[in-house]
Amino acid sequence: MSDIKGKAIVLNMNNVSTDQIFPGQYVNLTDPNEIAEHVLEGADKSFKNRIKTGDILVAGNNFGCGSSREQAVITLKEAGFAAVIANSVGRIWYRNAINLGLPVLICEGFVNQVEEGDEIEVNLKEGIAKNSSKGTIAKGNAISDFVLNIFANGGIKPMMKSKILSK
Amino acid sequence: MPMHAIHKILAEKSGKQEVKAGEIVNAKVDIAGINDIYLTVLISYDDMGGGKVWDPEKIVFFFDHNAPSPTIKGASNQKVMSEFAREQGIKKIFKINEGICHSVLSESGLVKPGDIIIITDSHTTTLGAFGAFATGVGSTDLAVIMMTGELWFRVPEVINVKLEGTLKDGVMAKDIALHMLGELGTEFATYKVIEYSDSVVEKLSIDERMVLCNMSVEMGAKSTYIRPNSKTIEYVKSRSHAPFIVHETDPDFIYDKEYIFNLDNLLPQVSIPDSVDNARNIEEVEGISIDQVFIGSCTGGKLTDLEAAANILKGKKIAESVRLVVTPSSKEVLTKAIERGYYQTFLDAGAAITTPGCGACFGGHSGLIAAGEKCATTSNRNFPGRMGSIEAGVYLVSPITAAYTAITGKLNNPQYK
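As the structure is a prediction and not an experimental result, all values here were calculated from the model. (Residues numbered from 1 in each chain as written. Chains lettered and ligands numbered in written order. Predicted model: local features only at pLDDT ≥ 70, side-chain atom pairs only at ≥ 80, totals over all residues.)

**Focus: helix α5 (residues 139–148) of chain B**
Residues and elements named next belong to chain B.
Argument step 1. Of all ten residues making up α5, eight are buried, and the element is well covered by its neighbours.
Argument step 2. Every buried residue of α5 is accounted for by S139, T140, D141, L142, A143, V144, I145 and M146.
Argument step 3. Downstream of α5 by a residue or two, G149 has a phi angle that is positive, lying close to 80°. (Buried ≥ 20, exposed ≤ 12 C-beta atoms within 10 Å, placed from the backbone. Helix = DSSP H or I, 4+ residues; strand = E, 2+ residues; numbered from the N terminus.)

Written out as structure tokens, the structure is:
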């Protein structure tokens, strides 16, 4: 996988739950565009206006804790985020992100080295996050080959589909 | 190599002699459950090629979040799911009258020690109270199970939480869970299993054990485990004739971590906004004015919870300034609560009673709160916007504290004194 490059959107808060990423009143929605309309509405009503396609979300501890709702990944992906870097993440949210092919790097403390709009580069294989605007590099958790393979395939859906077709 | 009971379940279901923490296994699933808010499951299923499901007997639909549906979209999702179930020969649909997935699944005898149970609801950790390996997943993971009957799991480490001592009057399992969150935070068990053991756990009722396991997901846990004792076996056998195996943890198994809590002096706890780990002793927050009290959810709407609240509310009226919403967790709880007179008690006290389901807890319907309001709730999360407006405050409490708070309109629980 090649490096992912984008501008940082900073959300330096802990325990940003799925209730904030995608509030419960919308969980019946299924259309990806409609789901994207409500991105991070529970943290900031106007969050959507901050995002441009290809941006990278940089977050604090336990990002995505809470519910199993997959829309909490779909909304970030469809709103335009190319990747998420966080100090730590909720378990189910992380698994959903892997399945849907939203690259996530767990990198403790990176959020403190970044300002909104900084140019960020992520190398998932090496587990490295680079802040090109500030000239800093941080080492996060390297990702297992098992998970890297899912990211490289764009999520688990295309992999399952080819598995089913090959039978 | 010494193994934990949870590891033995994962080993058996993945056709291995032994497994160890950290390894990835593909395990066969006994029950795969889908909640009505997640039509995204069927969309993922379709995206991956669709076709016949692996085993219609092992797939369960729960119409619990939209019970009954507050929106056209919710009704439409249930309609599509019903049609899918009919086409696929899936007969286990718990409709809008049945209640919350974790309650109805255990009540209907579909949870047994040694099972692997996967549902699209994060609070599926609840079912570790029966010695099952149970966890919540997203829609796409569930769709994978529907196709193949299996899912990949990273074999989790196990944390042992020993609960010793004697609980004071007026202190419940919910207070233990909130206290643990206050002490250990929201991440100490991420990716891991929490086992609850020792004298307090042995004495707790099945309902109260379910509370500990339920709240464990707020500590990050992947699943939970309580070693089945005679209470568990009796409960399961009274509801199911299917055979099951109780795996024993090897005596020399090494836990990832061990925590010991002596609960002799534990006071009622309140987690204040906006995080589950903002736990306070009741004395620190006593007197805060509350606009709505909610007694319900998979955490705090079971028979034991309604009983605890009804005992306090009997012959009393709620404060003029407060509204009380009661939502039983299931039809069985509702029926028993009527038989025992709790419904009359709640009605006489001034409560609004709703259909069993998830409604207000996840901010869906049937008891949402306005900007500037405060809600004391027996449910499980208090993140901003969880129960309505993001400018509202949610206070997590036990059913006993909720009942006292409804009477005075202010946070309190004098029973421990």
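What follows continues from the structure just given.
**As for the pairing of strand β15 (residues 323–327) of chain B**
Within a regular beta strand, the side chains point alternately toward one face of the sheet and then the other, so they alternate between its two faces.
Residue and element names in this part refer to chain B.
Argument step 1. A large share of β15 lies buried, amounting to five of its five residues.
Argument step 2. Side chains of β15 alternate between two faces, with R323, V325 and T327 and L324 and V326 buried alike.
Argument step 3. With five bridges connecting them, strand β14 (residues 292–296) and β15 associate as parallel partners. Counted as the bridge partner of V293 is L324 from β15.
Argument step 4. When β15 meets strand β16 (residues 351–353), the two strands line up parallel, connected through three bridges. Within the sheet, the bridge partner assigned to L324 lies in β16 and is A351. (Pairing = 2+ DSSP bridges.)

**Overview of the domain arrangement of chain B**
All names here are of chain B.
Argument step 1. When its domains are assigned, chain B resolves into domain 1 (5–260) and domain 2 (271–416).
Argument step 2. At the junction of the two partners, domain 1 supplies 37 residues and domain 2 supplies 34 residues.
Argument step 3. Elements that contribute at least two residues to the side of domain 1 that touches domain 2 include exactly α4 (101–107), α6 (173–184) and α8 (206–215).
Argument step 4. Per-class residue counts for the side of domain 1 that touches domain 2 are 13 nonpolar, 14 polar and ten charged. (Domains from an automatic or database assignment. Contact = placed C-beta atoms within 7 Å. Nonpolar A, V, L, I, M, F, W, Y, C, P; charged D, E, K, R; others polar.)

**Describing the pairing of strand β3 (residues 59–62) of chain B**
Residues and elements named next belong to chain B.
Argument step 1. Residues I59 and F61 line one face of β3 and the alternating positions V60 and F62 line the opposite face, and both faces are buried.
Argument step 2. Chirality of the crossover, the property in question, places the unit of strand β2 (residues 31–35), helix α2 (residues 40–47) and β3 among those that are right-handed.
Argument step 3. Running through helix α3 (residues 72–88), the crossover from β3 to the neighbouring parallel element strand β4 (residues 93–94) is right-handed. (Right-handed = clockwise from strand over helix to strand, strands pointing away.)

**Thoughts on the nonpolar core**
Argument step 1. Of all hydrophobic cores here, the largest spans 185 residues; its most connected members are V58(A), V84(A), I85(A) and I118(B).
Argument step 2. Counting residues domain by domain, this core receives three or more from each of domain 1 (5–260) and domain 2 (271–416) of chain B.
Argument step 3. Setting aside anything within four residues of it in sequence, one finds I85(A) in contact with I56(A), V58(A), L105(A), C107(A), F110(A), V122(A) and A129(A). (Core = buried A, V, L, I, M, F, W, Y, C linked by C-beta atoms within 7 Å.)

**So, the sheet that holds strand β8 (residues 158–164) of chain B**
Residue and element names in this part refer to chain B.
Argument step 1. Strand order in this open sheet of four strands is β10-β9-β8-β11, and the pairing throughout is parallel. Looking at strand neighbours, the two that pair on one side only are β10 (223–225) and β11 (257–262), the edges of this open sheet. Neighbouring strand axes in the sheet, compared pairwise and without regard to direction, differ in orientation by 20° on average.
Argument step 2. Pairing of β8 with strand β9 (residues 193–197) involves five bridges; the strand directions are parallel. Looking across to β9, one finds that N160 is bridged to E195. (Axes fitted to C-alpha atoms, helices over the stretch in contact; angles between N-to-C directions.)

**Some words on the sheet that holds strand β5 (residues 119–123) of chain A**
Pairing between the strands of a sheet comes from backbone hydrogen bonds, and it takes one of two forms, parallel or antiparallel.
Residue and element names in this part refer to chain A.
Argument step 1. In spatial order, the strands read β4-β3-β2-β1-β5-β6-β7; together these seven strands make up an open sheet with mixed pairing. At either end of the open sheet lies a strand with only one pairing partner, and these are β4 (104–106) and β7 (136–139). Adjacent strand axes in the sheet meet at a mean angle of 30°, parallel and antiparallel pairs treated alike.

**So, unusual backbone geometry**
Argument step 1. A cis amide bond links A67(B) to the next residue, P68(B), at an omega of -15°.
Argument step 2. If you trace the backbone, P68(B) turns up in the loop between β3 and α3.
Argument step 3. The omega torsion of the bond from P273(B) to D274(B) falls at 0°, within 30 degrees of zero and hence cis.
Argument step 4. For D274(B), the location among the structural elements is in the loop between β12 (269–271) and β13 (279–281).
Argument step 5. Of note, N15(A) is a non-glycine position whose phi angle comes to about 55°, a positive value.

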